[in-house]
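Structural overview for review
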Amino acid sequence: MMKKLNADWFLEGTLDFEYKKYVLLAYLQHVSKEFAEVKLYPSFSDLIFHYNNLFQFKESKKNLTQKFPSQMSEEEFRNLSMLKETDLNEQGELQEIEHIVEYAIPTIKSQMKEGKEIYDYIDDHVTIEPIGITPLYKNEGYILLRVNPRKEVKVFEYKIVFFENTDANYHGISFSYLDSYTHSIANTYESMKLKLIRNHTKLPNPATYLVYTVHPFPEETSLIPVAKRKILSYLK
């Protein structure tokens, strides 16, 4: 069962539709198994990558075809000339690639829909609530993660991270495991926050949030990745 696909899986090696179909379906069988176990990541993000990659390839080829020859820029013409000099210059191989791409896009999209349904289900069954007074500065703080009816509460330090490129700015979030507490009448979430303040003095009044669910979702592959996106949205 194939666990990964290379980014250019539809271009490399043997350019045969039936063979590439087998490669894709073997990979999607692995993804389906992961989804059946409610394991979203990294399979779900990989599916999105491959779908976008195939779609961009299809659109780029279509744009070149529409522009050729009168509206094509010098750079695009050079790129097309380079393409013609590669092993892809035979019409049969190009048609085979088109056949593979046309099959793969809707097939992957169907599997993505299943992943999105699982994602939405987890998202709907995870709640976030602030613990104590929330400060103005919320770019870093603590996450208390609890899966009821377990008494264990896992503590993570979170940090909002920012990325810049020429098109736009993006932000993400990182988690670092710190400790585990046991929830009880005597050891409330507020008590846990006070312990964190005493033990980690760099944040005198840290933003602290409880992430709570009653479903035992796989932690590393589903619960934490979904919780990260939910927290980012919550903090906007």
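Residues numbered from 1 in each chain as written. Predicted model: local features only at pLDDT ≥ 70, side-chain atom pairs only at ≥ 80, totals over all residues. Heavy atoms only, no water.

1. As for the overall build of the protein
Along the protein, the regular secondary structure elements total 6 helices and 5 strands. When its helices and strands are written in sequence order, the protein yields α-α-α-α-β-β-β-β-α-β-α. Within the protein, the fraction of its 236 residues that count as buried is 38%. In the protein, once contacts between residues fewer than 6 apart in sequence are set aside, the share between residues at least 24 apart is 66%. Summing over all exposed atoms, the protein offers an accessible surface of approximately 14200 Å²; the carbon and sulfur share of this is 53%. (Helix = DSSP H or I, 4+ residues; strand = E, 2+ residues; numbered from the N terminus. Buried < 20%, exposed > 50% of the residue type's maximum accessible area, 1.4 Å probe, protein only. Contact = heavy atoms within 4.5 Å. Areas by Shrake-Rupley, 256 points an atom, 1.4 Å probe, with all protein chains shown as cover.)

2. As for the packing of aromatic side chains
In total, this model carries 11 aromatic pairs according to the counting rule given. Measuring from centroid to centroid gives 5.9 Å for Trp9 and Phe10, while their planes differ by 75°, and the two rings are edge-to-face. With respect to burial, Trp9 and Phe10 carry one shared label: buried. Measuring from ring centre to ring centre gives 6.2 Å for Tyr51 and Phe55, while their planes differ by 15°; the resulting arrangement is stacked. Linking Tyr51 with Phe55, this pair stays in helix α2 (residues 43-67), spanning 4 residues, or about one helical turn. Judged by relative accessible area, Tyr51 falls into the buried class, the value being 16%. (Phe/Tyr/Trp six-rings, centres within 6.5 Å; stacked < 30°, edge-to-face > 60°.)

3. Points about the nonpolar core
In this structure, Leu40 and Tyr158 are the most contacted members of the largest nonpolar core, which totals 48 residues. Listing elements by their share of this core, those giving two or more residues are α1 (17-36), α2, α4 (91-124), β2 (140-147), β3 (152-164), β4 (169-182), β5 (207-213) and α6 (219-235). Looking at this core element by element, the count peaks at 10 residues for α4. In this view, Leu40 contacts Phe35, Gly115, Ile118, Tyr119, Ile122, Thr221, Ser222 and Val226; residues no more than four positions away in its chain are not counted. (Core = buried A, V, L, I, M, F, W, Y, C linked by side-chain atoms within 4.5 Å.)

4. Focus on the pairing of β5
Where burial is concerned, most of β5 is hidden: 6 out of the 7 residues are buried. Summarising the sheet, strand β1 (residues 127-130) and β5 pair through 4 bridges and their orientation is antiparallel. The partner of Glu129 across the bridge, within β5, is Leu210. By the bridge criterion, 7 bridges tie β2 to β5 in an arrangement that is parallel. Looking at β5, one finds that Ile143 is bridged to Tyr209. (Pairing = 2+ DSSP bridges.)

5. Here's the deal with the environment of Asp123
Residue position: Asp123 is located in helix α4. Expressed as a C-alpha distance, the spacing of Asp123 and Leu223, which sit 100 residues apart in the sequence, is 8.6 Å. Once you skip the residues sitting within four places of it in the chain, Asp123 turns out to touch Val226 and Lys230.

6. Looking at helix α5 (residues 189-199)
Since one α-helical turn is 3.6 residues long, residues separated by three or four positions face the same way. Buried within α5 are the following residues: Tyr189, Met192, Lys193 and Leu196. Buried positions in α5, seen along its axis, are confined to an arc of 100° and lie on one side of it. (Arc of directions from axis to C-beta.)

7. Looking at the side chain of Gln111
Checked against the element boundaries, Gln111 lands in helix α4. What makes Gln111 buried here is its relative accessible area of 12%. Sequence-distant contacts of Gln111, that is, excluding residues within four places in its chain, are made with Leu28, Val31, Ser32, Phe35 and Leu47.

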